Amino acid sequence: MKTEEILSATVEEYLEMIYNMSMEDEVVIGARLAERFHVSAPTVTEMLKRLVRDGYVEMNSKRHVFLTEAGNEAAEAVLRRHRLTERFLVDMLGMQWHEVHEEACRLEHFISGAVESRVIANLNSPMTCPHGNPIPGSVPNARTYLKDNHAVRLSTVTNGTHVTILCVSEVVEDEEALIMYMHEKGLTPGTHLMMLAQSDGTPSTEPPTGELQEKVRLLVEERVVAISADAAAKLWVVPA
């Protein structure tokens, strides 16, 4: 990647999403990107053609999408700015962890290297964003962060297992709504909990709201918390 090249916000958002999906071991195809961005399939196809042309993306015979090394580096640069911005908003400006995602999305494209360096220095080189996701360049390998920490989705945990929340997934259609949901339930990174029961391991197609869908029961600090299967699938946890 050419260091002087300035990418559009839309290109950066595509690279971020492909990176995050790959990090979470999700197969990346055009249809799923269209779902995430709420755009048409032809719109995604044109963007992928552009990313392939510019050397950021490769596609195999099954039309699966992979970032090249240039694509990974570009995605990590913007994710680094995004997650550092979230830390700045929480740790220096006093905003709540569930309030900062959208603000960071607006600011991340305009953070200079000088500002980035000052944030890092003032915050003593934070390793993760407020939602627990790794800050590229501040952890040994952000691409393998989940595997390196032996993290699994909460939805795969068996009853009676004690775990600690590592991070909240960023592969969602409405991240702000998911983070607010977790905030209301008291499920933040570092929270210790025990799986009590869940109906099955299959997430529904419904949004993570409404008591009727909240069939996963957790014990969190001596209180029972009920969440949806969808929400459980979006929490990455590690052994307590």
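Residues numbered from 1 in each chain as written. Predicted model: local features only at pLDDT ≥ 70, side-chain atom pairs only at ≥ 80, totals over all residues. Heavy atoms only, no water.

The protein chain appears in an unreviewed UniProt entry as HTH dtxR-type domain-containing protein from Dictyobacter formicarum. Among the UniProt annotations of the protein chain, the heading Sequence similarities (unreviewed entry) holds the following wording: "Belongs to the DtxR/MntR family." A UniProt comment under Subcellular location (unreviewed entry) is attached to the protein chain, and it reads "Cytoplasm". (UniProt positions renumbered as here; feature names shortened; annotations may be inferred.)

Now for the sheet that holds strand 8 (residues 235–239). Neighbouring strands of a sheet are bound in pairs by backbone hydrogen bonds; such pairs are parallel or else antiparallel. An order of 3-8-4-5-6-7 is seen for the six strands of this open sheet, with the pairing classed as antiparallel. Edge positions in the sheet fall to strand 3 (152–153) and strand 7 (223–227), since each of these pairs with one other strand and no more. In this sheet, strand 6 (residues 216–220) lies alongside strand 5 (residues 192–197) in antiparallel orientation, the contact comprising three bridges. Residue pairing for strand 6: Met195 is matched across the bridge by Leu218. With respect to the sheet, helix 8 (residues 175–185) is in contact with strand 4 (162–168), strand 7 and strand 8, its orientation differing from that of strand 7 by roughly 160°. (Pairing = 2+ DSSP bridges. Helix = DSSP H or I, 4+ residues; strand = E, 2+ residues; numbered from the N terminus. Contact = heavy atoms within 4.5 Å. Axes fitted to C-alpha atoms, helices over the stretch in contact; angles between N-to-C directions.)

One can find Glu26 in the loop between helix 1 (9–23) and helix 2 (30–37). Polar contacts involving the side chain of Glu26 include one to the side chain of Arg36, which spans 3.3 Å. Leave out the neighbours within four places in its chain, and Glu26 touches Met21, Arg36, Arg153, Val171 and Lys234. (Polar contact = N/O pair within 3.5 Å; in protein donor to acceptor, adjacent residues only side chain to side chain.)

Leu15, Ile18, Leu33, Leu51 and Leu146 are the most contacted members of the largest nonpolar core, which has 34 residues in total. Examining the composition of this core, we find that eight residues originate from one element, helix 1, more than from any other. Once you skip the residues sitting within four places of it in the chain, Leu146 turns out to touch Met23, Glu24, Ala151, Leu166, Cys167 and Trp236. The next biggest cluster of nonpolar side chains, apart from the first, holds 24 residues, and it includes Leu154, Val163, Ile179 and Met195. (Core = buried A, V, L, I, M, F, W, Y, C linked by side-chain atoms within 4.5 Å. Buried < 20%, exposed > 50% of the residue type's maximum accessible area, 1.4 Å probe, protein only.)

Moving on, we come to the pairing of strand 5. Pairing of strand 4 with strand 5, which is carried by three bridges, proceeds in the antiparallel orientation. Along strand 5, the bridge assignment pairs Val163 with Leu193.

Taking 1.5 Å as the rise per residue, helix 1 with 15 residues should run 21 Å; its terminal C-alpha atoms sit 21 Å apart, in good agreement. Within helix 1, eleven of the 15 residues are buried, which leaves it mostly tucked inside the rest of the structure. Within the sequence span of helix 1, burial applies to Val11, Glu12, Tyr14, Leu15, Glu16, Met17, Ile18, Tyr19, Asn20, Met21 and Met23. Buried-residue contacts for helix 1 involve helix 2, helix 3 (41–53), strand 1 (57–59), strand 2 (65–67), helix 4 (69–92) and helix 7 (145–148). Two residues or fewer past helix 1, Asp25 is found with a positive phi of approximately 60°. (Expected span 1.5 Å × (residues − 1).)

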